[in-house]
Amino acid sequence: MGRFLNKLLKIDTIYTFNDLIILPGKTYVEPKEVNLRSKASKRYTINLPFISSPMDTVTGSELAIALAREGGLGILHRNCSVDEQVSMAKKVKRAESTIIRDVIVIKPEATVSEAVEIMETYDIHGLPVVEDGDRLVGIVTWRDVRYSDRNVTVSDVMTPKNRLVVANTEVSIDEAKRLMQRHRVEKLPIVDDKWVLKGLITIKDLELRGKYPMASRDEEGRLLVGAAISPYDIERAKKLDRYVDILVIDVAHFHNENVIKATKKIVNNVSADVIAGNLGTKEGVLETLTRIEDIAGLRVGIGSGSICTTGVVTKVASPTLYATIQASEALEELGLHGTIPVIADGGIKNTGDIALALASGASSVMIGNLFAGTKESPGRLIAIHGKYYKEYYGMGSARAKSKRADLDRYSKPSKEVDEGVEGWVPYRGAVKDLIRELIGGLQASMGYVGARDIYELWDKARFGYILPNGYNEIHPHDIIIPKGSNY
Ligand code: IMP
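The rules we used
- Residues numbered from 1 in each chain as written.
- Predicted model: local features only at pLDDT ≥ 70, side-chain atom pairs only at ≥ 80, totals over all residues.
- Heavy atoms only, no water.
- Salt bridge = Lys/Arg side-chain N within 4 Å of Asp/Glu carboxyl O.
- Helix = DSSP H or I, 4+ residues; strand = E, 2+ residues; numbered from the N terminus.
- Near = heavy atom within 4 Å.
- Polar contact = N/O pair within 3.5 Å; in protein donor to acceptor, adjacent residues only side chain to side chain.
- Nonpolar A, V, L, I, M, F, W, Y, C, P; charged D, E, K, R; others polar.
- Buried < 20%, exposed > 50% of the residue type's maximum accessible area, 1.4 Å probe, protein only.
- Pairing = 2+ DSSP bridges.
- Right-handed = clockwise from strand over helix to strand, strands pointing away.
- Contact = heavy atoms within 4.5 Å.
- Axes fitted to C-alpha atoms, helices over the stretch in contact; angles between N-to-C directions.

*Asks:* Mind laying out the pattern of salt bridges, listing which residues take part and the relevant values?
*Replies:* Two side chains with opposite charge may pair up if their charged atoms get near one another. Tallied over the entire structure, the rule returns 27 salt bridges. Across the salt bridge formed by Glu220 and Arg101, the nearest N and O atoms sit 3.3 Å from each other. Of the two residues, Glu220 is situated in the loop between α8 (203–211) and β12 (226–229) and Arg101 in the loop between α3 (82–95) and α4 (112–122); the sequence distance between them amounts to 119 residues. With its nearest N and O atoms 2.9 Å apart, the salt bridge here joins Arg299 to Asp250.

Written out as structure tokens, the structure is:
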């Protein structure tokens, strides 16, 4: 037999989200009892398996904060300058924390006007006052400066050292809270025995901790955040490394010799967990894991994204469900499934798709389209015929590429063809409401299977292949439903 006929005989069947269903199983689990905790990367756990796509109409700091507070994770887009991306990451890390480490401070000889400017720029209401080598000499708050003469110095209006309430580096959260309540202060500077400033605890942060018990946090109580990078931009990777927990290599086709080599270099130069992607085949995953030690996660799926035209333009694709199975198989073979998580990326339309992706071995899903429609996404909100929409475009679309070219006039687009489209998605309101819906659907699905958590889902879920006629039957039928409904 010749090599071409052989191609046909060796053909693979590619199942997608629309082809498979999950079969019900004996259950002892009520949906509300289902635990959705999962791994985002080798080191980081999230409370909900939802990660937002690094796209400039999806993940800026606002969505990353809102999503991490609910228990998911945002990956900051890279369609901006390094400084802008770093500033988004800082915003997320500053949104809340148990102890703020990189405290913004001021010198005693600075003017009140300068203090006001710093407070307004960073949206904070108190600044520790330090001199020679971060030695604490006072604290100046919004109340001190609000009605003061703008030309006097900070030392004239601050609360001086002898009236400060401070704690040492060993203070526990409960002690800190009690101290602040007893002395009616909102900020507690942490100092060592030489009064060198080591951090700051604020009552606001402690309250937020109570308000968002499900939040995905790092060990200092700050929100978890990731950022997308090009494998060839090691400088960006190093700068972001100080502020993010996870770096996601953001290329359409990771299984590429140059990309693998460049990623290896990045992994050796950063301390964040590095996620490789996108991958679509078992061979690709095996090579990635054997060539690059310390890969902390795999982002898989090529061609399934709702804005993606790769499959049309090139006829090359590895739909997300198929890619997830391929990656999970490779990990099983290496004894690493569950240790190195798989992120199923692209084509998620509803909670059923999420359940299928997780049942195929993924630890989480990456979502662009649904999150693009939320209030917190950066895209523009527009009204068409009385209905609200938000703009959404692919990172390989002409629109996104021209933005990139504007940023750096000398950068040449690496590909001549566009692989994405631009358009609008229905406005969905606050991310927390969308998350409630996703949780509800996913818990119900896992309840049918009898899976208490994602690990049990991997074991227990059995699939069925649904033929196109059946596909119609499991959707609402023989009824007229309003146009624009999800079904
Ligand atoms: P969605 O949730 O179905 O909209 O898919 C989002 C995913 O599509 C992203 O996480 C990317 O992996 C992928 N993607 C983003 N932009 C493009 C593009 O322009 N072409 C192809 N895929 C894209």
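From this point, the discussion proceeds with the structure in view.
*Asks:* Describe the site of the ligand, and please don't skip the residues or the numbers.
*Replies:* Taken together, 23 residues form the shell around the ligand, and within it Ser306, Asp345, Tyr392, Gly396 and Glu419 come nearest. One nitrogen or oxygen atom from the side chain of Asp345 is found 2.5 Å from an oxygen atom belonging to the ligand. Taken together, the residues that form the shell around the ligand break down as 7 nonpolar, 13 polar and 3 charged.

*Asks:* Just give me the short version of the pairing of strand β5 (residues 73–76), but keep the residues and values in it.
*Replies:* Alternating positions in β5 separate into two faces, Leu73 and Ile75 on one and Gly74 and Leu76 on the other, with burial throughout. Note: strand β4 (residues 50–52) against β5, 2 bridges, orientation parallel. In the strand pairing of β5, Ile51 is matched with Leu73. Taking the sense of rotation as the criterion, the β-α-β connection linking β4, helix α2 (residues 61–70) and β5 turns out right-handed. Summarising the sheet, β5 and β12 pair through 2 bridges and their orientation is parallel. Residue Ile75 lies in a different strand from β12, and its bridge partner there is Gly226.

*Asks:* Break down the sheet that holds strand β11 (residues 197–202) for me, with residues and values.
*Replies:* Strand pairing in a sheet relies on backbone hydrogen bonds, with the paired strands running either antiparallel or parallel. In space, the 3 strands of this open sheet follow the order β9-β10-β11, with mixed pairing throughout. What marks the edges here is a single partner per strand, and that holds for β9 (167–168) and β11. Across 5 bridges, strand β10 (residues 187–191) lies against β11 in antiparallel orientation. Following the sheet pairing, Ile190 is matched in β11 by Gly199. The sheet contacts of helix α7 (residues 173–183) involve β9, β10 and β11, and relative to β10 the element is tilted by about 125 degrees.

*Asks:* How would you sum up the environment of Phe254? Please name residues and give values.
*Replies:* In this structure, Phe254 sits in the loop between β13 (246–249) and α10 (257–269). Looking at Phe254, the relative accessible area reads 0%, which means it is buried. Considering only alpha carbons, one finds Phe254 and Ala276, 22 residues apart in sequence, at a separation of 7.0 Å. Look past the residues within four positions of Phe254 in its chain and what remains in contact with it is Ile249, Val259, Ile260, Thr263, Ala276, Gly277, Asn278, Leu279, Thr288 and Ile292.

The analysis is restricted to geometry; functional conclusions fall outside its scope.
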